[in-house]
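# A closer look at the structure
One letter stands for each residue in the lines below.
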Amino acid sequence: MSSSLQQLRQVFGVLNRDLKLVFLSNIVGAFGDGLYSYLLPVYIRDSLGANAVEIGLLYTVLTLSAALTPIPGGILADKYDRKKVMVLAWILWLPVPILFSVATHWTMLFPAMILYGCIISGPSTTAYVASSAKRDKINLTFTLISSSWWAGYIFSPTLGGYLATKIGMRTVFYIAFMFYLAATIIIAFIKSQKVTADKSFERKGGEASTNLGGIVVWTVFFALIMFFNVLVRPFIPTFLEDVYGFDKFLIGVLGSLTFAGSAFLGVFIGRVGDKFGNKVAVAICLALTATSLTFLQLTANFLFLLPIFFAIGTNYTPWPLMNATISSLSPENLRGRWVAISQTASMLAAFFAPYVGGNLYTMAPNYPFTVTVTGSTVLLGILLLVQKWK
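Residues numbered from 1 in each chain as written. Predicted model: local features only at pLDDT ≥ 70, side-chain atom pairs only at ≥ 80, totals over all residues. Heavy atoms only, no water.

What follows deals with the overall build of the protein. The helix and strand inventory of the protein stands at 22 helices and zero strands. Computed over C-alpha atoms, the radius of gyration of the protein comes to 20 Å, within 12% of the 21 Å expected from 2.2 N^0.38 for 390 residues, which places it in the range of a compact globule. If one aligns the C-alpha atoms of the protein with their principal axes, the spans along those axes are about 60 × 45 × 45 Å. Counting across all 390 residues of the protein, residues that qualify as buried make up 57%. Of all intrachain contacts in the protein linking residues separated by at least 6 positions in sequence, the fraction that spans at least 24 positions is 87%. Total accessible area on the protein stands at roughly 15,700 Å², and carbon and sulfur atoms take up 69% of it. If the 27 positive side-chain charges of the protein are averaged to one point and the 15 negative ones to another, these points end up 8 Å apart. (Helix = DSSP H or I, 4+ residues; strand = E, 2+ residues; numbered from the N terminus. Rg over C-alpha atoms; globule rule 2.2 N^0.38 Å. Buried < 20%, exposed > 50% of the residue type's maximum accessible area, 1.4 Å probe, protein only. Contact = heavy atoms within 4.5 Å. Areas by Shrake-Rupley, 256 points an atom, 1.4 Å probe, with all protein chains shown as cover. Lys, Arg positive; Asp, Glu negative; His and termini not counted. Charge placed at Lys NZ, Arg CZ, Asp CG, Glu CD.)

As structure tokens, this is what we get:
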């Protein structure tokens with residue numbers, strides 16, 4: 001027991017005071033978000049009358065918002081106090097659950113989806129974490145901060161599913177709002193962080209331009225991963241309901257396991273990335289995603305699905321790995337913009353993914369899974385076959 005506690009202290013020892021507040025804010029905000037986010041596609045269909053294609057359209061709007069906001073967010077991150085941008089992002093999220101709660105038809109959700117997809121703080125948060133992290137622990141730091149978000153989801157989808165059956169989804173949305181508000185207050189207590197010139201890049205002269213090749217390669221690769229991952233995500237809950245006949249509570253339990261996998265496996269993969277390189281960490285994510293989504297289609301046994309959904313959590317891990325990779329290749333004074341470019345590329349690649357997934361799901365519920373498994377396997381093959389990787 002003492003050795004486990006010591007290892008836990010060592011892991012969290014990479015976070016300074018401000019990163020611990022970011023960690024806490026993420027957990028609180030994610031807990032509120034998890035009360036409804038995993039069940040949202042089911043709610044939109046069952047309560048607001050949307051079909052699979054229309055659900056895909058709504059998530060396409062969300063992805064477009066996510067694609068358009070990192071660039072202005074990156075400019076703000078490199079020009080102004082990063083803390084203020086991070087607080088602003090939470091303020092923009094505050095109305096989202098309220099808008100979901102008052103909607104009476106799916107066509108009323110476009111404003112909510114636009115705000116929900118807004119990730120204007122993405123570059124600021126990434127730059128803030130990168131500037132605060134230890135150089136030799138950057139993958140662990142990013143996956144740990146990301147795991148705080150997914151840790152907030154571990155129990156909340158189960159609780160959200162239970163509450164939805166007892167008091168209704170609209171009340172769940174109001175509870176989520178209170179958690180959003182608490183997360184906003186917590187993040188307001190971190191220290192300000194403004195951009196400083198990166199002297200190491202200036203002294204090294206041409207190294208910054210050399211790293212540009214690595215940034216471009218990884219940006220394209222992560223964008224492809226994001227396309228395949230986002231294509232299938234909205235349809236995992238509906239697949240469980242339509243094909244396996246699960247109710248909202250059981251869907252919520254499996255959603256909790258997915259986020260538990262994101263939290264715990266993400267930290268493990270981050271440590272692997274710091275020790276063996278990002279290529280190995282990304283390869284593990286692709287392999288686990290392809291394998292778990294394959295097995296998901298082969299059994300409706302709830303007990304068998306428990307470890308499968310734990311492994312599906314790696315579907316979310318490439319995002320912090322991308323942020324860690326691009327941050328490590330970027331100079332401090334341009335970090336926000338390079339991160340914004342990579343995040344925008346990923347979101348643009350994923351822009352049509354939910355809509356494509358919706359059309360595939362309409363043809364057959366298994367089709368989105370087949371496409372994602374195939375795409376992830378091909379990317380894994382490319383990653384393993386290319387000997388020289390930036």
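Our next topic: the side chain of serine 37. With respect to the secondary-structure elements, serine 37 resides in the loop between α2 (17–34) and α3 (40–48). Judged by relative accessible area, which is 15%, serine 37 ranks as buried.

This part is about the packing of α3 against helix α12 (residues 169–187). Running from N to C, α3 and α12 cross one another at 140°; their axes reach a closest spacing of 12 Å. The angle between α3 and α12 places the two elements in the oblique class. Every pair of crossing elements has a handedness; the one defined by α3 and α12 is left-handed. In this structure, α3 uses Leu40, Tyr43 and Leu48 to contact α12, whose residues at the interface are Met169, Arg170 and Phe173. Taken together, the residues that form the contact of α3 with α12 break down as five nonpolar, no polar and one charged. (Axes fitted to C-alpha atoms, helices over the stretch in contact; angles between N-to-C directions. Parallel < 35°, antiparallel > 145°, perpendicular 65-115°, else oblique. Left-handed = near helix turned anticlockwise from the far one by under 90°. Nonpolar A, V, L, I, M, F, W, Y, C, P; charged D, E, K, R; others polar.)

Let's shift gears to the nonpolar core. In this structure, Tyr36, Leu40, Ile44, Phe100, Met113, Tyr116 and Leu296 are the most contacted members of the largest nonpolar core, which totals 84 residues. If you tally residues by element for this core, the top one is α12, at eight residues. Apart from the residues lying within four places of it in its own chain, the contact partners of tyrosine 116 are Asp33, Tyr36, Ser37, Leu40, Leu62, Trp93, Val96, Phe100 and Tyr180. Counting residues in hydrophobic clusters, the runner-up holds 20 residues, among them Phe221, Phe222, Met322 and Val339. (Core = buried A, V, L, I, M, F, W, Y, C linked by side-chain atoms within 4.5 Å.)

Considering the arrangement of structural elements, one finds alanine 182 in helix α12. Classification of alanine 182 as partly exposed rests on a relative accessible area of 29%. A sequence separation of 122 residues divides alanine 182 from threonine 60, and the C-alpha atoms of the two residues are 29 Å apart.

This next bit is on helix α9 (residues 122–132). Most of α9 is tucked away: nine of the eleven residues are buried. Among all positions in α9, only Gly122, Pro123, Ser124, Thr126, Ala127, Tyr128, Val129, Ala130 and Ser132 are buried. Elements that come into contact with the buried residues of α9 comprise α2, α5 (70–79), α6 (82–93), α10 (138–151), α19 (318–329) and α20 (335–349).

Before going further, it helps to examine the confidence of the model for the protein. Averaged over all residues, the pLDDT of the protein equals 84, while 91% of them reach at least 70. Across residues 199–210, confidence stays below pLDDT 50; counting only partners more than four residues off in sequence or on other chains, it has six contacts. (pLDDT = per-residue confidence, 0-100.)

Let us look at the packing of aromatic side chains. For the coordinates displayed, the defined rule picks out 23 aromatic pairs. Ring plane angle 25° and centroid distance 5.2 Å describe the contact between tryptophan 218 and phenylalanine 222, whose orientation is recorded as stacked. Of this pair, tryptophan 218 and phenylalanine 222 both sit in helix α14 (residues 207–232), separated by four residues, roughly a single helical turn. An aromatic cluster is built from Tyr36, Tyr43, Trp90, Trp93, Phe100, Tyr116, Trp149, Phe173 and Tyr180, whose rings are joined through pairwise contacts. Above the ring of tyrosine 316, the side-chain terminus of arginine 233 is found at 4.2 Å from the ring centroid. (Phe/Tyr/Trp six-rings, centres within 6.5 Å; stacked < 30°, edge-to-face > 60°. Lys NZ or Arg CZ within 6 Å of the ring centre and 35° of its normal.)

At a minimum axis separation of 7 Å, α3 and helix α15 (residues 235–242) run at an interaxial angle of 60°. Between α3 and α15, the crossing angle belongs to the class labelled oblique. Every residue of α15 that contacts α3 at Pro41, Val42, Arg45 and Asp46 is listed here: Pro237, Thr238, Glu241 and Asp242.

Close approach of charged atoms allows side chains of opposite charge to pair. The tally for this structure, following the rule as stated, stands at four salt bridges. Arginine 45 is the partner of glutamate 241 in a salt bridge, and the nearest nitrogen-oxygen pair spans 2.0 Å. Of the two residues, glutamate 241 is situated in helix α15 and arginine 45 in helix α3; the sequence distance between them amounts to 196 residues. Among the charged side chains, a salt-bridge network with shared partners connects Arg45, Asp46, Glu241 and Asp242. (Salt bridge = Lys/Arg side-chain N within 4 Å of Asp/Glu carboxyl O.)

Moving on, we get to helix α18 (residues 302–312). The set of residues buried in α18 consists of Leu305, Ile308, Phe309, Ala311 and Ile312. End-on, the buried residues of α18 take up no more than an arc of 150°, which puts them together on one face. Projecting away from the buried face of α18 at angles above 90 degrees are the exposed residues Leu303 and Pro307. On its buried face, α18 sits against α15, α16 (248–276) and α17 (278–296). Capping the start of α18, asparagine 301 holds a side-chain oxygen 2.9 Å from the backbone nitrogen of leucine 303, two or three residues further along. (Arc of directions from axis to C-beta. Polar contact = N/O pair within 3.5 Å; in protein donor to acceptor, adjacent residues only side chain to side chain.)

With that settled, the discussion passes to the side chain of arginine 82. Inspection of the secondary structure assignment puts arginine 82 in helix α6. You can call arginine 82 buried: its relative accessible area is 0%. Reaching out from arginine 82, the side chain makes a polar contact with the side chain of glutamine 193 at a distance of 2.7 Å.

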